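Residue-level structural notes
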Amino acid sequence: MINVPKGTKDALPSESYKWQYVEATLRKVADLYNAREIRTPVFEHTELFVRSIGDETDVVSKEMYTFEDKGGRSITLKPEGTAPVARSFIENSLDALSLPLKMYYITPCFRYERPQAGRLREFHQFGIEVYGATTPYLDLDCISLAYNALLSLGLKGIVLRLNSIGCPKCRKEYTNALKEYFKSRLNEMCSTCKDRFERNPLRLLDCKSPICKEIGLGAPKITEYLCDDCKAHHEKLCQLLNDHGIPYVIDQNIVRGLDYYTRTVFEFVTTELGAQGTVCGGGRYDNLIASMGGKQTGCVGFAMGLERLIMLMEAQNVDFGRRYPDVYIMSQSAEYVDYCMKLVNVLRNNGISADTEMSGKSLKAQFKYADKINANYGIVIGESEINSQTIKIKKLSDGTEKEINIADLSEYLLKNI
Ligand code: HAM
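Judged by nonpolar contacts, the single largest core of 49 residues is most densely connected at Met103, Tyr131, Phe182 and Leu205. Excluding residues within four positions of it along the chain, Met103 makes contact with Ala35, Arg36, Ile38, Val85, Phe89, Leu94, Gly127, Ile128, Glu129 and Tyr131. With 47 residues, the next largest nonpolar core counts Val22, Ala30, Val279 and Phe320 among its residues.

Structure, rendered in structure tokens:
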């Protein structure tokens, strides 16, 4: 037997309604904020990710699914959604449209990570990218969209952790100060941190190892190094979040794992998913478009992991909405199946989700099947029903019955589902 590859999962027919519910809810929220969908290919030229995410990051240096295609090109399955959107923005001259431009995507992503609960090799992101201004109002709008998306999904207890990592100018001074601080304690730190010391010193701040965390507590704080403009941007965003009643905590250890960020960085974090508690991550990246050959463009965005959202919704017993046919029509015996097939199609044409017996089951087996598929209502069709054109419609969850004319069935169901 051939199994699914490690770190990937099927969305089975019994579970896929959860995905549909989450995706539909997220699309609705994106729509409320005037974001338009953008779809980019599942694979891109490898160079796109190396240049945008940064070749020193874990994602690029260890986790990409890269291969040579038959034409000898180096191709990579997208590990995230931001770089492809940036590429498309430049390539299709989307700056010629009115800016700011708000875009969203729902896409599979691929990272060769060690799989565990909430960490997969193929996972799915809902992402927002807003292009065209550097004002903190866009940061607020983006964070507000993420916040309302989480609320709309019915999730509770998720904390917004906010930081600013400044611009390249103030960050340079800060990373020098960080290296100076960590230098004397480096021999006590984990091998990953030793490795990151030269390549990516900011990441020393978000190491999960207890000893590195403790050493990190005494590290210099970015706020003391922000230049006047970055400081003003951060303070204005904090004020806006307060004004809009979006709760947050400042967490100077939020530095993010991708190189393109400037100024605002944020994560929405839960304590209910163990080590993989970050359900959403994002921030501002004002230099990415220019570094890729486009015009200088203020950008801010985020992405949420759909698997983590669904896991958390399950843990919090959130209702994923309707997941059954409205009605299941049973046939007293094989000779009434033709009639039942016609009746379900009338119902479907009237916008009612309906199904009927087609596989030679006994009436008893049909009742069992109706229960298994979670049908809302059940109807039995036999000779007397056809002759009298009246049926008993049974609510399967509590067994209550009502007699109605077949001609009134659609109207009754539309009122009662
Ligand atoms: P990221 O923090 O790498 O950011 O990923 C965003 C979210 O994707 C994470 O918070 C997590 O929920 C989910 N995620 C990441 N890796 C995995 C995995 N292996 N398994 C399951 N879920 C995962 C980005 O990707 C940026 N592009 C976000 C962004 C958009 N920044 C600006 N615009």
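Counted according to the given criterion, the structure contains 14 aromatic pairs. With centroids separated by 6.3 Å and ring planes inclined at 80°, the aromatic side chains of Tyr21 and Phe320 adopt a geometry described as edge-to-face. With Tyr21 in helix 1 (residues 16–32) and Phe320 in the loop between helix 11 (306–315) and strand 12 (327–331), this residue pair connects regions lying 299 residues apart in the sequence. Aromatic pair Tyr104 and Phe126: ring centres 6.1 Å apart, planes at 50°, arrangement tilted. Of this pair, Tyr104 sits in strand 5 (residues 101–110) while Phe126 sits in strand 6 (residues 122–131), and the two are 22 residues apart along the sequence. An aromatic cluster of three or more residues is present, and its members are Phe89, Tyr131, Tyr260, Tyr261 and Tyr285. Sitting over the ring of Tyr112, Arg121 keeps its end group 3.8 Å from the ring centre. In this structure, Lys179 is placed above the aromatic ring of Phe197, and the distance from its NZ or CZ to the ring centre is 5.8 Å.

Attention now moves to the pairing of strand 4 (residues 74–77). Walk down a regular strand and you will see the side chains alternate between the two sheet faces. Two elements, strand 2 (residues 43–45) and strand 4, share three bridges in a ladder whose sense is antiparallel. Its bridge partner lying in strand 4, Glu44 is registered against Thr76. In this sheet, strand 4 lies alongside strand 3 (residues 66–68) in antiparallel orientation, the contact comprising three bridges. Residue pairing in the sheet places Glu68 in a bridge with Ser74 of strand 4. With antiparallel pairing between neighbouring strands as the criterion, strand 3 and strand 4 make up a hairpin whose turn holds five residues, including Gly72 at a positive phi of roughly 80°.

Within a sheet, neighbouring strands are paired by backbone hydrogen bonds and run either parallel or antiparallel to one another. Overall, mixed pairing links the five strands, which are arranged 13-12-14-15-16 in an open sheet. Looking at the sheet topology across the chains shown, the edges are occupied by strand 13 (354–356) and strand 16 (401–405). The mean inter-strand angle of the sheet, taken between neighbouring strand axes irrespective of direction, is 25°. Alignment of strand 15 (residues 390–395) against strand 16, held across five bridges, turns out to be antiparallel. For Lys392, the partnering residue across the bridge sits in strand 16 and is Glu403.

Summed over the entire model, instances satisfying the criterion amount to 25 salt bridges. A salt bridge links Glu314 to Lys18; the nearest nitrogen and oxygen atoms lie 2.8 Å apart. With Glu314 in helix 11 and Lys18 in helix 1, the pair connects residues that are 296 residues apart, well separated along the chain. Glu314 sits in the partly exposed class, given a relative accessible area of 34%.

Let's shift gears to the site of the ligand. Every one of the 25 residues lining the ligand counts as a neighbour, but Glu80, Thr82, Glu113, Glu129 and Tyr261 are closest to it. Separating a nitrogen atom of the ligand from a side-chain N or O atom of Glu113 is a distance of 2.7 Å. Backbone polar atom of Val279 to an oxygen atom of the ligand: 3.3 Å apart, as the coordinates give it. For the ligand, whose free accessible area comes to 660 Å², the fraction covered by protein is 95%. Within the residue set of the shell around the ligand, elements represented by two or more residues are strand 6, strand 10 (278–284) and strand 11 (299–305). A per-class count over the shell around the ligand returns ten nonpolar, eight polar and seven charged.

A separate point is the domain arrangement of the protein chain. The accessible area lost on association of the parts is a frequent measure of interface size. The assigned domain composition of the protein chain is domain 1 (13–167 + 227–315) and domain 2 (327–416). Placing a centre on the C-alpha atoms of domain 1 and another on those of domain 2 gives a separation of 46 Å.

With 16 residues, helix 6 (residues 168–183) ought to run about 22 Å at 1.5 Å a step, and its terminal C-alpha atoms sit 22 Å apart, in line with that. All of the buried residues in helix 6 are Cys170, Arg171, Tyr174, Thr175, Ala177, Leu178 and Phe182. Summarising the axial view, the buried residues of helix 6 lie within an arc of 165°, below the 170-degree limit, and thus occupy one face. Those residues of helix 6 that are exposed and aimed more than 90 degrees away from the buried face are Lys169, Lys172, Glu173 and Glu180. Each element contacted by the buried residues of helix 6 is listed here: helix 7 (191–199), helix 8 (210–217) and helix 9 (228–243).

Turning next to unusual backbone geometry. Residue Pro100 is bonded to the preceding Leu99 through a cis peptide linkage, with omega at 0°. Despite not being glycine, Asn34 has its phi angle at roughly 65°, a positive value. Phi is positive for Arg263, which is not a glycine, with a value near 55°. With respect to the secondary-structure elements, Arg263 resides in the loop between strand 8 (249–250) and strand 9 (264–269). Residue Arg263 is classed as buried on the basis of its relative accessible area of 16%.

With that settled, the discussion passes to the environment of Arg263. For the pair Arg263 and Ser164, spaced 99 residues apart in sequence, the C-alpha to C-alpha distance is 4.6 Å. For Arg263, the contacting residues outside a window of four places in its chain are Asn163, Ser164, Ile165, Gly166, Asp229, Cys230, His233 and Arg284.

Parameters and conventions
Residues numbered from 1 in each chain as written. Predicted model: local features only at pLDDT ≥ 70, side-chain atom pairs only at ≥ 80, totals over all residues. Heavy atoms only, no water. Core = buried A, V, L, I, M, F, W, Y, C linked by side-chain atoms within 4.5 Å. Buried < 20%, exposed > 50% of the residue type's maximum accessible area, 1.4 Å probe, protein only. Contact = heavy atoms within 4.5 Å. Phe/Tyr/Trp six-rings, centres within 6.5 Å; stacked < 30°, edge-to-face > 60°. Helix = DSSP H or I, 4+ residues; strand = E, 2+ residues; numbered from the N terminus. Lys NZ or Arg CZ within 6 Å of the ring centre and 35° of its normal. Pairing = 2+ DSSP bridges. Axes fitted to C-alpha atoms, helices over the stretch in contact; angles between N-to-C directions. Salt bridge = Lys/Arg side-chain N within 4 Å of Asp/Glu carboxyl O. Near = heavy atom within 4 Å. Polar contact = N/O pair within 3.5 Å; in protein donor to acceptor, adjacent residues only side chain to side chain. Areas by Shrake-Rupley, 256 points an atom, 1.4 Å probe, with all protein chains shown as cover. Nonpolar A, V, L, I, M, F, W, Y, C, P; charged D, E, K, R; others polar. Domains from an automatic or database assignment. Expected span 1.5 Å × (residues − 1). Arc of directions from axis to C-beta.

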